[in-house]
Amino acid sequence: MKIGVKPFLSADPTVHFVTMDSMSFRPLTAEDLRWLVCPVCRQPLQLQAETVLCTGCARQFPIIDGIPVLLAERAL
């Protein structure tokens, strides 16, 4: 299945358009963090209740609307 962008029209019937209304969100899981590292020390991250914890430097990053904010200046 191909995914298209709403402003563009397609004659191809296999292109499906995605809108924010049709997207379903799921909570962040520890498995999701396997691809992410701390932006400061590059060590693995660990999921906490409402934050993401760096296993190296112990910085905590907030999770806002289900998205971890991995900016050094936003660390708690």
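Up top is the structure these notes are about.
Attention here is on the structure that accompanies the text. These figures come from a predicted structure and were not determined experimentally.

**Focus: the nonpolar core**
Ranked by size, the top nonpolar core spans six residues in total: L33, C38, L45, V52, C54 and F61. Among residues more than four places away in sequence, those in contact with C38 are Q43, L45, C54, C57 and F61.

**Structural notes on the pairing of strand β5 (residues 60-64)**
As defined by bridge partners, strand β4 (residues 51-54) adjoins β5 across three bridges and the pair is classed as antiparallel. By the bridge assignment, T51 is partnered in β5 with P62. Taken together, β4 and the strand that follows it, β5, pair antiparallel across an intervening segment of five residues, in which A58 is found at a positive phi of about 65°. Relative to strand β6 (residues 67-68), β5 runs antiparallel, the two being bridged by two bridges.

Parameters and conventions
Residues numbered from 1 in each chain as written. Predicted model: local features only at pLDDT ≥ 70, side-chain atom pairs only at ≥ 80, totals over all residues. Heavy atoms only, no water. Core = buried A, V, L, I, M, F, W, Y, C linked by side-chain atoms within 4.5 Å. Buried < 20%, exposed > 50% of the residue type's maximum accessible area, 1.4 Å probe, protein only. Contact = heavy atoms within 4.5 Å. Pairing = 2+ DSSP bridges. Helix = DSSP H or I, 4+ residues; strand = E, 2+ residues; numbered from the N terminus.

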